[in-house]
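Each chain is listed here by its residues.
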Amino acid sequence: MLSIKIGRFAYLAANWAVLIFLLLPIAIIFVFALNPTPYIEFPPVGVSLKWFDKFFASSQFMSALLLSLEVAALTTVAATVLGASAALGIARGNVPGSRAITAIMLSPLMLPAILTGLALFQTYVLMDVGRPLWGLVVGHCLVTVPYVVRTTLAVLHNFDLRLEEAARNLGASPQRTFFEITLPLIKPGVIAGGIFAFIVSFDQFPVSLFLVSPGQETLPITLFNYLKYDLDGTIGAASVVSILLAALVVIGLDRTVGLRSYVKL
Amino acid sequence: MSARIELSAVSKSYDGGARAVDAIDMTIEPGEFFSLLGPSGCGKTTTLRMIAGFETPTDGVIRVGGADITRVPAHKRDMGMVFQNYALFPHRTVRENVAFGLRMRGMARAAIARKVDEALAMVALTGFEDRRPGQLSGGQQQRVALARAIVIQPRVLLCDEPLGALDKKLRQSMQFELKQLQKTLGVTLVFVTHDQEEALAMSDRIAVLNGGKVEQVGTPVEIYDRPATRFVADFIGDTNLFRGEIVPAGAGVALKVSPELVLPLPAAPAASGLVSVALRPEKVRLAAGTDANAITPGTVESANFQGGHVLYRVALPGNRHLLVQSRNDGSGAPLPAGAPVSLSWAPADLVILKD
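Residues numbered from 1 in each chain as written. Chains lettered and ligands numbered in written order. Predicted model: local features only at pLDDT ≥ 70, side-chain atom pairs only at ≥ 80, totals over all residues. Heavy atoms only, no water.

What about the overall build of chain B?
- In terms of regular secondary structure, chain B is built from eight helices and 20 strands.
- Its C-alpha atoms give chain B principal-axis dimensions of roughly 80 × 50 × 35 Å.
- Across the 355 residues of chain B, 48% fall into the buried class.
- Once local pairs closer than 6 in sequence are excluded, the contacts in chain B between residues at least 24 apart make up 65%.
- Surface exposure of chain B reaches about 15,500 Å², of which carbon and sulfur atoms provide 49%.
- Distance between charge centres in chain B, computed from 39 positive and 36 negative side chains, equals 6 Å. (Helix = DSSP H or I, 4+ residues; strand = E, 2+ residues; numbered from the N terminus. Buried < 20%, exposed > 50% of the residue type's maximum accessible area, 1.4 Å probe, protein only. Contact = heavy atoms within 4.5 Å. Areas by Shrake-Rupley, 256 points an atom, 1.4 Å probe, with all protein chains shown as cover. Lys, Arg positive; Asp, Glu negative; His and termini not counted. Charge placed at Lys NZ, Arg CZ, Asp CG, Glu CD.)

Structural notes on the sheet that holds strand β3 (residues 33–37) of chain B
Residue and element names in this part refer to chain B.
- What the six strands build is an open sheet, ordered β6-β7-β8-β3-β9-β10; its pairing is mixed. The sheet is open, and its two borders are formed by β6 (79–82) and β10 (213–218), each paired with just one other strand. Ignoring strand direction, the axes of neighbouring strands in this sheet form an average angle of 15 degrees.
- Both β3 and strand β8 (residues 188–193) contribute to a ladder of five bridges, which runs parallel. Each residue of the ladder has a partner; that of L37, found in β8, is T193.
- This element, helix α4 (residues 138–150), spans β6 and β7 (156–160) of the sheet and lies at about 175 degrees to β6. (Pairing = 2+ DSSP bridges. Axes fitted to C-alpha atoms, helices over the stretch in contact; angles between N-to-C directions.)

Quick notes on the domain arrangement of chain A
All names here are of chain A.
- Segmenting chain A into domains produces domain 1 (1–48) and domain 2 (58–258).
- Here domain 1 and domain 2 have C-alpha centroids that lie 31 Å from each other.
- At the junction of the two partners, domain 1 supplies six residues and domain 2 supplies nine residues.
- Overall, the association of domain 1 and domain 2 removes approximately 630 Å² of surface from exposure, summing both partners, and the carbon and sulfur fraction of that is 85%.
- When residues of domain 1 are sorted by the area they lose upon contact with domain 2, I29, F30 and F32 head the list and together hold 58% of the total.
- Counting the contacts that link domain 1 with domain 2 gives zero salt bridges.
- A per-class count over the side of domain 1 that touches domain 2 returns six nonpolar, no polar and no charged. (Domains from an automatic or database assignment. Buried area = accessible area lost by both parts, 1.4 Å probe. Salt bridge = Lys/Arg side-chain N within 4 Å of Asp/Glu carboxyl O. Nonpolar A, V, L, I, M, F, W, Y, C, P; charged D, E, K, R; others polar.)

Examining the pairing of strand β17 (residues 309–316) of chain B
Residues and elements named next belong to chain B.
- Summarising the sheet, strand β16 (residues 296–305) and β17 pair through six bridges and their orientation is antiparallel. Looking at β17, one finds that F305 is bridged to V310.
- Counted along the chain from β16 to the antiparallel partner β17, the turn is three residues long, and its residue G307 has a positive phi close to 90 degrees.
- Bridge analysis of β17 against strand β18 (residues 320–327) gives eight bridges, and the strand direction is antiparallel. Within β18, the residue paired with H309 across the bridge is R327.

Overview of the domain arrangement of chain B
All names here are of chain B.
- Domain annotation for chain B reports domain 1 (5–233) and domain 2 (238–353).
- Look at where the C-alpha atoms of domain 1 and domain 2 centre, and you get two points 39 Å apart.
- Listed by partner, the interface residues are nine residues for domain 1 and 13 residues for domain 2.
- Counting each side, the surface lost to burial between domain 1 and domain 2 is near 910 Å², with a carbon and sulfur contribution of 45%.
- Three residues, Y224, R230 and A233, lead the burial of domain 1 against domain 2; their summed loss comes to 60% of the area buried on that side.

A few points about the interface of chain A and chain B
- In this complex, chain A contributes 21 residues to the contact, which on the side of chain B involves 27 residues.
- Of all residues in chain A, A:R162, A:N169 and A:L170 give up the largest surface area on contact with chain B, accounting jointly for 31% of the area buried on that side.
- Scanning the region where chain A abuts chain B turns up eight residue pairs in polar contact (both at pLDDT 80 or more).
- Counting only elements with at least two residues in the side of chain A that touches chain B, the list comes to α7 (161–169) and α8 (174–202) of chain A.
- Within the side of chain A that touches chain B, the residues separate by chemical class into twelve nonpolar, four polar and five charged. (Polar contact = N/O pair within 3.5 Å; in protein donor to acceptor, adjacent residues only side chain to side chain.)

Things to note about the environment of B:L350
All names here are of chain B.
- When you line up the elements, L350 lands in the loop between β19 (340–344) and β20 (351–353).
- Residues L350 and S13 lie 337 residues apart in sequence; the distance between their C-alpha atoms is 37 Å.
- Setting aside residues no more than four positions away along its own chain, L350 makes contact with R226, L263, P264, L265, P266, V277, A278, L279 and W345.

A few points about the nonpolar core
- Membership of the largest hydrophobic core comes to 104 residues, with the highest contact counts inside it found for B:M26, B:V98 and B:L158.
- Excluding its chain neighbours within four sequence positions, the residues that come into contact with B:V98 are B:V116, B:A119, B:L120, B:V144, B:A147, B:R148 and B:V151. (Core = buried A, V, L, I, M, F, W, Y, C linked by side-chain atoms within 4.5 Å.)

Regarding unusual backbone geometry
Residues and elements named next belong to chain B.
- At A23, a residue that is not glycine, the phi angle is positive and equals roughly 50 degrees.
- Here A23 is to be found in strand β2 (residues 19–28).
- Phi angles above zero are rare outside glycine, and N319 is one such case at about 60 degrees.
- Checked against the element boundaries, N319 lands in the loop between β17 and β18.
- Looking at N319, the relative accessible area reads 68%, which means it is exposed.

Digging into the packing of aromatic side chains
- This structure, assessed with the given rule, holds 13 aromatic pairs over all chains.
- Taken together, the aromatic side chains of A:F55, A:F56, A:F61 and A:Y226 make up a single cluster linked through ring pairs.
- Here B:R148 stacks its cationic end above the ring of B:F89, 4.7 Å away from the centre of that ring.
- The lysine or arginine in question, B:R280, covers the ring of B:Y224, its NZ or CZ lying 4.0 Å from the ring centre. (Phe/Tyr/Trp six-rings, centres within 6.5 Å; stacked < 30°, edge-to-face > 60°. Lys NZ or Arg CZ within 6 Å of the ring centre and 35° of its normal.)

Considering α4(B)
- For α4(B), spanning 13 residues, the distance from its first C-alpha to its last is 19 Å, which sits close to the expected 18 Å at 1.5 Å a residue.
- Counting buried positions along α4(B) yields eleven of 13 residues, so the element is predominantly enclosed.
- When α4(B) is considered as a whole, its buried residues turn out to be B:G139, B:Q141, B:Q142, B:R143, B:V144, B:A145, B:L146, B:A147, B:R148, B:A149 and B:I150.
- If you follow the buried residues of α4(B), they end up packed against α7 of chain A together with β6, α2 (94–104), α3 (109–122), β7 and α5 (168–185) of chain B. (Expected span 1.5 Å × (residues − 1).)

The structure is reproduced here in structure tokens:
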């Protein structure tokens, strides 16, 4: 009896330790953002919103935040469509070498992202296209599509093909079968991939580093540049805002498009 | 509204390999309950899937109601199908599942609602409209699958081992219901099963398949009493198989199984030389003691009391054995092992088989 209790306590303690380890940096960011002193101080000396004021008043930060949201939104849509289509092709297309194709699709995850950024930068230079917004979105897609492919393949793997046959048998054309049966059933995997894509794009640093044009930088790049010369609570405030924004988008996607909108068999 | 299905020389092979279905010819009459029966891998499911349009035959022609549908896509075939694990749409309610086929046909909402209610009433599922498949028992899911298939009033209803996942008792009651429903609707029903009892109980006719070929097509009684081949005799029910040489015996012929065992045959078979014959255990009359008029004497080796009847294993001369099913007529305990018995049967019950 006692040993069970001790085991249970140890188990809970280990869980809490991991949780604290994961969340502590975020807690420190919050303390940093709310502390009136321009440096990290512990214990905090007070609570103030002055760094948030400074962040929201800065046109540089605001345009960076908007650009980041724009790029993340475009990337999420493009990566979700591309990744889900690729996964469907791999799983259903009966294509030769689908294993090799899967490996290639997932390879950007294995390459250091900074190399991906550098390679893209050189490609754009060679193509002489400058540093357009779409170039940045393409770069972000490169590192986010693998997430969508992975999560979509996972749900397709467990998909019962007889459901599609049943729909066909009842008179649904292949297109209707896809939109009425396949898509709703693989949606949880696709949405999960889309959420990954949004988060990875929104706080993407290494790929963006080479692809943003001066004066038109995403939030992570702007924060990095700011950090090089100033270190004050604005960084903390910006971090808090981006954490909350990301959380908001995830919750919003979950609520509107729905991750739990179907009951599992 | 029911249609004739004709398969002419239909074959299916995968990637140029062995033929899963090998030149099958078959005609299924309108309104018939037709079973495809065979062990796994015999080609019965592949045949059904070709009729449904999920597989394209490598060779041959499939006609429904006289029209060639070999290359018609599945969604334009107007057939209902009940799948092995029901294949209900998990993200849709019972009502939406049943309504699906009607919606695909562009029917008006009010008409759909009425037809769905009718179909659900027919399978006794009124009140379950708003449940999802995951919240139903196996038997209820089965009924939803059935309602979904019949609500579109198909010309043909295809069933792929639809009762396989149900427990025995439920399966029996569903067998009756399905048969009843099929007769009420008058729909042509093609039923795939590996369960011979189920096929015998439900079908108007049965096609026994083996290795992608049709072994025999016939009514349940024909299949059981007059099996055409050794495979059919062995696959359906318990049977005694003997193999021997045709020899003349008096005015007729007999089968010489061994020097000690010669069985009279009803008629000379077309084949000469070695032939196989089948004898059902319940066609054999077993009497205690010896009887000069019996076909052969024997010795009880074991008796297996099964309630309504006793299954004897009897040793015959020449080191052969015979299964005998003897009705429990209330005369007391089964004969003990070692008891001498005499065995007889009508020579016509000895069925000559093709190999």
